Amino acid sequence: MHYAFSRRSLRRLGLLFGSAVLACPLAQVQAQSVTDTARHVLPTVQVQAARPAKYAAGSRFTSLDSTALAAYQGGTVADVLSARTPLHLKTYGPGQLASISIRGTSARHTAVLWHGFALNFPTLGEADMALLPVAGVSRIDVQHGPAASLYGSGAVGGAVVLGEQTAPAGTRLGGMAEVGSFGTRTLSVSGSQRDGRVSIRTGFMVRDARNDFTYTSREFAGVLRRRQQNAALQQSSFQQDLTVQVGRRGELSAAAWLTDANRQIQPSMGAANNHARERDQSARVVLGYRQRGLRSETVVRVAWFGDLLDYQNDDLATSHSRSAVRQAHLEHTLRWRSNVSLRLGAEAQDFVARVDGYRRSVQEQRYAGFALLRYDPTPRLRLTLNARQAALPGRQPPLTPTLGAEWEVWRTNQQQLWLKASTARSYRAPTLNERYWRPGGNPNLIPETSVGGESGLHYEATTSSQLRLQADLTAYGLVVDDWVQWIPDANGVYSPRNLRQVRTQGLEASSQLQWQLGGYALRAGAGYAFTQARKISGYPTDADPIGVQLPYVPLHAATLHTDHEWRGWLLTASGTFTGFRYTSASATEYLPSYRLLNGSVGRRFAVGRWQLTALLQGYNLGNADYQNYDARAMPGRSGTLSLRANWH
Amino acid sequence: MDNRSFLHRLATACALPLALAALVSCDPDGETITPQAGSNSVLVVNEGKFQSANASVSVYEPGAKAVTNKDIFRSANNRALGDVAQSMTVTDGRGYIVVNNSKKVEVVSLPDFKSVGVIGKLRLPRYFAAEGNRGYITQYRAYDGLPGQVIVVDLTTYRAIDSVSVGMYPEQILISSGKAYVANSGENTVSIIDLASKAESKVVVGESPNSLALDRNGRLWVLCGGKIVYLPDYSDLDYAQTTAGTLVDFLPSAPAAQNRRTFASNRSQPGRLKLNAAGDQLYFTYLSGVYRMGIADATLPTTPIIRRKLIGLGIDPLDNSIYGGTGTFSAEGKIIHYSNAGAPLDSAAVGIGPNSFVFVK
């Protein structure tokens, strides 16, 4: 029997799962390090994979190294990106769904990569940044703009590259226990061993939070302080990595990352609590082999990623979603001379999904081939030229080339100024939900494409070993075509269509400093983003207006942080500013801007081979009453106390 | 290089972005409007975006041809109405706004729109009707298979005092001569509830009844959308089995003696049955248009008076002019005021998803 129920509930399900879902994170805090491209590879041990910047000359990167991530070991990638970069993350409450927006695009326009493979749910097309614990990554590099298409589908607005955890030389053990406001508890342990031939690392993290913070609620009875209901979560992450040298030039590696989150879904203020909850489980396994030659390198990787998502509430039967992708990646890099390298590669992916909303199991294959060229004619000029061609079921995406250049225009002993530019085309394959959801899914969708360019300046100065300064300024423009929008058909069923063209343009500025004097060390940084994102044309069936700022894209966002260290004492202060965001496509309703202030104080001790750290962190110290997403309450002033022990 | 000048430059570089942000990032101005719903005001019920708790009621003044308040509930009460305003009913100087996903009915006094009560702890409420000091609310109990209910509410305390089980997915409710009629959209029946005894019985009408009207002769009109059947693989509707809508009328005293008219196409589900003030002209939406039919007409109309897909329809009792609501659920909606002949007179921006109209006399 399929009556009116079908239309209404399917429409809601379509809205829930088709476009984006539910969700939220712990307002966290700390500093940021917005480094630039290839030249500033921070010295961390790297067993595998080169930095993403090698074939991305002229692209802007926002990078968070292990030092910047240290304070967030109990948190998620969403927490650290919100606190330390001007990137906007739309979060539905602390620990709930967190969707990233790079350069005004949406989360499905950002590829999130680990070991070179996308973590985005193939069903939704986006990755939930709140499901990715910081403990699982060694660093985060965000490549802004469509030049990130060198990674494959989905990098229409940019890519987030999660650096794999690696084992430093020798034997290490580490542990952390953290307790905080609203019943937050985190426990993590890790251990690693590395010698000349074998490197092995294990990491485990578990956290839970009641998230029963109080918020102001305006109701019939008056202005009340309410305790947040139905926002508790439990989360865990397990990682195992192994690398073995095979002969003089070979290296075999295996990595597994399991994540599990059991979240209640925070209801919006004003809506009834329908006791929604969501279970997300992901398993990711990668096997790789690398063969190094004198002037060449060959890498082959195979992977299996599986995702489970179950959603339920009082009004609906449980909705199940299972998807898996088997994938293989082969690349061969040639270095003819020290200043020329060419990488050729191919990828294959096989998707299988069993999703209630598809009403059948589906399978889909995608293939791609790519060529990446890096050529430095002089030490002061770097050029990259890349091209990628994918083969998808249905309509084919275009060739996606990227072209980038960096030129050192001025140099003194202590200072350098670089000019940078890049231009690229990118694409996004339709998600499985967009193609296969029934009713409503549209198997005839064509890939979204983006074309963009950017240009900027990079300045750096090193006066001595004590002081280093970097500053970056980038201007960009980006046009996304065939942008997919879900609209109702004649029967009221929502269906995705290639409906509009969206243009985003803006400015990104950042600077950072490291300074040492005697026993005192300072790291400071600031970042600012101006982002204008507008629909510039569409079909008559797409009723949203043209020429106004897209919802949930702040025009202005800024961050500032300082980290101080003096004889084992740690002190950090940081602030973020998020400008007003429209909540409707007509740019008529908005959420006000907000400022968050965070800080921490800590002490580090060395006891034999142990290093112990006690850290007291405070979030939203100004007790700002704010919403990041419409009608989702966020916590006021809160804190955590963590104790860490590391043995080496 | 001198470290001091360097630091100075650095501080400037660091502070500049924040200073810039502070300078240019003023929020848009909000407008302050004194709430009032004057005589002859048209209240527009805006469903809002699901899960954003931004349902609203906008006030349109036909004389001034302007929306004088986009969210009168918020203006009057300094709080949001809630999540998904499904319908509004005005009776005895009170407005009852059914807020579906907030699982409540907000009660306001008119014309000042001040909140005077909340009927809470509902399931998935849809429509409201009142008689004397009793209110009757139709509600689904879930989206997957439980029969619906009519909740009986004491309008002096706004508390539920009784419930009556009805058919699947009950929609509109209409009260006449001590009986309540409920359109059970998940089946092919109208529930008839004797309000004194709470005894419920059902009369078979067409498939999926959604709206009701009582004409000047006391006949009850039931608009039925037709049964929707999907193909086994859910890729589309199965038009071999999906039935066309029907329009049924009968005298409440003899519900089995029905006139039944079947629509020509099963590609569209007729809905939003409205009646003019005189009670002799019916209006409804069908096939991306608005149709009009006299109660004495022998057949269904074949030509629309308005060719536009509407999500809300209303007939002004003062002059029989027609109001239509359009929009997506992601942006502000628009109402269009039409003459009785269907010629557009004016349009105005309202809240998100204008799904119905209430005319304040």
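Summarised in this report is the structure supplied together with it.

Re the overall build of chain B
Link 1 in the chain: Across its full length, chain B carries 2 helices and 27 strands.
Link 2 in the chain: Dimensions of chain B, computed from C-alpha atoms along their principal axes, come out at roughly 100 × 50 × 45 Å.
Link 3 in the chain: Buried residues in chain B amount to 58% of all 361 residues.
Link 4 in the chain: Sequence separation of at least 24 residues holds for 41% of the intrachain contacts in chain B that already meet a minimum separation of 6.
Link 5 in the chain: Carbon and sulfur atoms make up 50% of the accessible area of chain B, which totals about 14000 Å².
Link 6 in the chain: Between the centroid of the 34 positive side chains of chain B and the centroid of its 31 negative side chains there is a distance of 2 Å.

Remarks on empty space enclosed by the protein
Residues and elements named next belong to chain A.
Link 1 in the chain: Approximately 460 Å³ is the volume attributed to the second largest cavity.
Link 2 in the chain: If you go around the second largest cavity, you meet 35 residues; those closest to its centre are Ala118, Ser153, Gln349, Phe351 and Arg366.
Link 3 in the chain: Secondary-structure elements contributing two or more residues to the lining of the second largest cavity are strand E4 (110-114), strand E5 (117-118), strand E16 (296-313), strand E17 (316-337), strand E18 (340-355), strand E19 (360-378), strand E20 (381-391) and strand E22 (415-428).
Link 4 in the chain: Examining the composition of the lining of the second largest cavity, we find that 4 residues originate from one element, E18, more than from any other.
Link 5 in the chain: Class assignment of the residues belonging to the lining of the second largest cavity gives a composition of 20 nonpolar, 9 polar and 6 charged.

Description of the packing of aromatic side chains
Residues and elements named next belong to chain A.
Link 1 in the chain: Using the criterion set out here, one finds 23 aromatic pairs over all chains in the structure.
Link 2 in the chain: Ring geometry for Trp114 versus Trp257: centroids 5.4 Å apart, planes at 55°, classification tilted. With Trp114 in strand E4 and Trp257 in strand E14 (residues 250-264), the pair connects residues that are 143 residues apart, well separated along the chain.
Link 3 in the chain: Summarising the aromatic geometry, the rings of Tyr358 and Tyr436 are spaced 6.2 Å apart at their centres and angled 55° between planes, so their arrangement reads as tilted. Pair noted here: Tyr358 is in the loop between E18 and E19 and Tyr436 is in helix H4 (residues 432-436), with a separation of 78 residues, a long-range link. With respect to class, Tyr358 is no different from Tyr436; both count as buried.
Link 4 in the chain: Among the aromatic side chains, those forming a connected cluster through ring pairs are Trp114, Phe117, Trp257 and Phe305.
Link 5 in the chain: Positioned above the aromatic ring of Tyr476, the side-chain terminus of Arg103 is 4.2 Å from the ring centre.

Some details on the pairing of strand E5 (residues 94-99) of chain B
Residue and element names in this part refer to chain B.
Link 1 in the chain: The buried fraction of E5 amounts to 5 of the 6 residues, a majority that puts the element mostly inside the structure.
Link 2 in the chain: Where strand E4 (residues 85-91) lies against E5, 6 bridges are found, and the strand directions are antiparallel. Across the sheet, residue Ser87 finds its bridge partner in E5, namely Val98.
Link 3 in the chain: Once E4 ends, the chain turns through 2 residues before running back antiparallel as E5, passing Asp92 with a positive phi of about 50°.
Link 4 in the chain: Bridge analysis of E5 against strand E6 (residues 104-109) gives 6 bridges, and the strand direction is antiparallel. Following the sheet pairing, Arg94 is matched in E6 by Ser109.
Link 5 in the chain: Counting the residues that bridge the hairpin from E5 to E6 gives 4 residues, and of these Lys103 lies at a positive phi of roughly 55°.

Regarding a nonpolar patch on the surface
Link 1 in the chain: Taken together, A:Val179, A:Trp566, A:Trp569, A:Leu571, A:Val601, A:Leu616 and A:Leu641 make up a surface patch of nonpolar side chains, about 660 Å² in accessible area.
Link 2 in the chain: In this structure A:Val601 comes out as partly exposed when scored by relative accessible area, which is 38%.

Side note on the nonpolar core
Link 1 in the chain: Core analysis: the largest hydrophobic core is formed by 47 residues, its most contacted members being A:Leu81, A:Met129, A:Ile140, A:Val160 and A:Leu162.
Link 2 in the chain: With 5 residues, helix H3 (residues 77-84) of chain A is the single largest residue contributor to this core.
Link 3 in the chain: The contacts of A:Ile140, once residues within four sequence positions are left out, are A:Thr62, A:Ser63, A:Leu64, A:Leu69, A:Val77, A:Val80, A:Leu81, A:Val160, A:Val161 and A:Leu162.
Link 4 in the chain: In this structure, B:Ile72, B:Ala76, B:Met88 and B:Phe113 belong to the second largest nonpolar core, which totals 18 residues.

Considering the pattern of salt bridges
Link 1 in the chain: Applying the stated criterion to the full structure yields 46 salt bridges over all chains.
Link 2 in the chain: Across the pair A:Lys535 and A:Asp542 runs a salt bridge, and its minimum N-O distance is 3.0 Å. This pair shows no difference in class: A:Lys535 is buried, exactly as A:Asp542 is.
Link 3 in the chain: Measuring nitrogen to oxygen at the nearest pair gives 3.3 Å for the salt bridge that ties B:Asp71 to B:Arg74.
Link 4 in the chain: A residue is classified by how much of its surface remains accessible, and B:Asp71, at 17% relative accessible area, is buried.
Link 5 in the chain: Sharing partners across several salt bridges, the network here consists of A:Arg60, A:Arg103, A:Glu454 and A:Glu508.

Reading guide: rules and limits
Residues numbered from 1 in each chain as written. Chains lettered and ligands numbered in written order. Predicted model: local features only at pLDDT ≥ 70, side-chain atom pairs only at ≥ 80, totals over all residues. Heavy atoms only, no water. Helix = DSSP H or I, 4+ residues; strand = E, 2+ residues; numbered from the N terminus. Buried < 20%, exposed > 50% of the residue type's maximum accessible area, 1.4 Å probe, protein only. Contact = heavy atoms within 4.5 Å. Areas by Shrake-Rupley, 256 points an atom, 1.4 Å probe, with all protein chains shown as cover. Lys, Arg positive; Asp, Glu negative; His and termini not counted. Charge placed at Lys NZ, Arg CZ, Asp CG, Glu CD. 1 Å grid on protein atoms, 1.4 Å probe; cavity = no way out; pocket = protein on both sides within 12 Å on 5 of 7 lines; lining within 4 Å. Points joined across faces, edges and corners; volume = space filled by probe spheres on them. Nonpolar A, V, L, I, M, F, W, Y, C, P; charged D, E, K, R; others polar. Phe/Tyr/Trp six-rings, centres within 6.5 Å; stacked < 30°, edge-to-face > 60°. Lys NZ or Arg CZ within 6 Å of the ring centre and 35° of its normal. Pairing = 2+ DSSP bridges. Patch = residues over 30% accessible without salt bridge, like charges linked within 9 Å, V, L, I, M, F, W, Y side chains within 5 Å. Salt bridge = Lys/Arg side-chain N within 4 Å of Asp/Glu carboxyl O. Core = buried A, V, L, I, M, F, W, Y, C linked by side-chain atoms within 4.5 Å.

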